[in-house]
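# Structural description and commentary
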Amino acid sequence: VMLSAVVALGLCYVIALVVQLGQLQAVAGEVARQRARSDTAAAQRAEDDAPKGTVVKVSVSGSDVVVLAELRSQPWGWIPALPLSARAVVAKEGV
């Protein structure tokens, strides 16, 4: 019974990390799309929707907008934080 409980907790933790990684990827993609359109207000709103503690870095590489979203994920306070990151690259519009 104890082993089952530990396995169940482990699976829940992994699921929580995967959900946060999906949120990071969504934020990175949305920020990149909005920056590629030069819509800084919409890009800021997308950044504001990121999980608490997320750091969003935007750079330009040639005709592409590159966004990196990073988070020290700690879905449960008593388990050490793990670094998560997501990257999106979108071609600038109108170039």
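Scroll up for the structure.
Conventions and cut-offs
- Residues numbered from 1 in each chain as written.
- Predicted model: local features only at pLDDT ≥ 70, side-chain atom pairs only at ≥ 80, totals over all residues.
- Heavy atoms only, no water.
- Helix = DSSP H or I, 4+ residues; strand = E, 2+ residues; numbered from the N terminus.
- Rg over C-alpha atoms; globule rule 2.2 N^0.38 Å.
- Contact = heavy atoms within 4.5 Å.
- Areas by Shrake-Rupley, 256 points an atom, 1.4 Å probe, with all protein chains shown as cover.
- Lys, Arg positive; Asp, Glu negative; His and termini not counted.
- Charge placed at Lys NZ, Arg CZ, Asp CG, Glu CD.
- Pairing = 2+ DSSP bridges.
- Axes fitted to C-alpha atoms, helices over the stretch in contact; angles between N-to-C directions.
- Patch = residues over 30% accessible without salt bridge, like charges linked within 9 Å, V, L, I, M, F, W, Y side chains within 5 Å.
- Salt bridge = Lys/Arg side-chain N within 4 Å of Asp/Glu carboxyl O.
- Buried < 20%, exposed > 50% of the residue type's maximum accessible area, 1.4 Å probe, protein only.

### A few points about the overall build of the protein
From N to C terminus, the protein includes 2 helices and 3 strands. Scaling as 2.2 N^0.38, a compact globule of 95 residues should have a C-alpha radius of gyration of about 12 Å, whereas the protein reaches 16 Å, well beyond that. With respect to the three principal axes, the spread of C-alpha positions in the protein is 60 × 20 × 15 Å. Long-range contacts, defined as pairs at least 24 residues apart, comprise 51% of the intrachain contacts of the protein with a sequence gap of at least 6. When the accessible surface of the protein is totalled, it reaches about 6,000 Å², and 60% of it is carbon and sulfur. When the 9 basic and 8 acidic side-chain charges of the protein are each reduced to a single mean position, those positions are 5 Å apart.

### With respect to the sheet that holds strand β3 (residues 82–91)
Backbone-to-backbone hydrogen bonds join strands into a sheet, with any given pair of strands oriented parallel or antiparallel. Taken in spatial order, the 3 strands of this open sheet run β1-β2-β3, and their pairing is antiparallel. Lying at the two open borders of the sheet, with one neighbouring strand each, are β1 (55–61) and β3. Taken pair by pair, the neighbouring strands of this sheet meet at an average axis angle of 15°, ignoring direction. Here helix α1 (residues 2–36) sits on the sheet in contact with β1, β2 (64–73) and β3, set at roughly 30° to β3.

### Regarding unusual backbone geometry
What you tend to see is this: most non-glycine residues have negative phi, and most peptide bonds are trans. Despite not being glycine, Ser 38 has its phi angle at roughly 65°, a positive value. By the element assignment, Ser 38 lies in the loop between α1 and α2 (40–48).

### Notes on a nonpolar patch on the surface
Taken together, the side chains of Leu 3, Val 7 and Leu 11 present a nonpolar region at the surface, about 310 Å² in accessible area. Within the fold, Leu 3 resides in helix α1.

### Notes on the environment of Trp 76
Positionally, Trp 76 belongs in the loop between β2 and β3. Since its relative accessible area comes to 22%, Trp 76 is described here as partly exposed. Trp 76 has contacts with Leu 9, Cys 12 and Tyr 13, leaving out every residue within four places of it along the chain.

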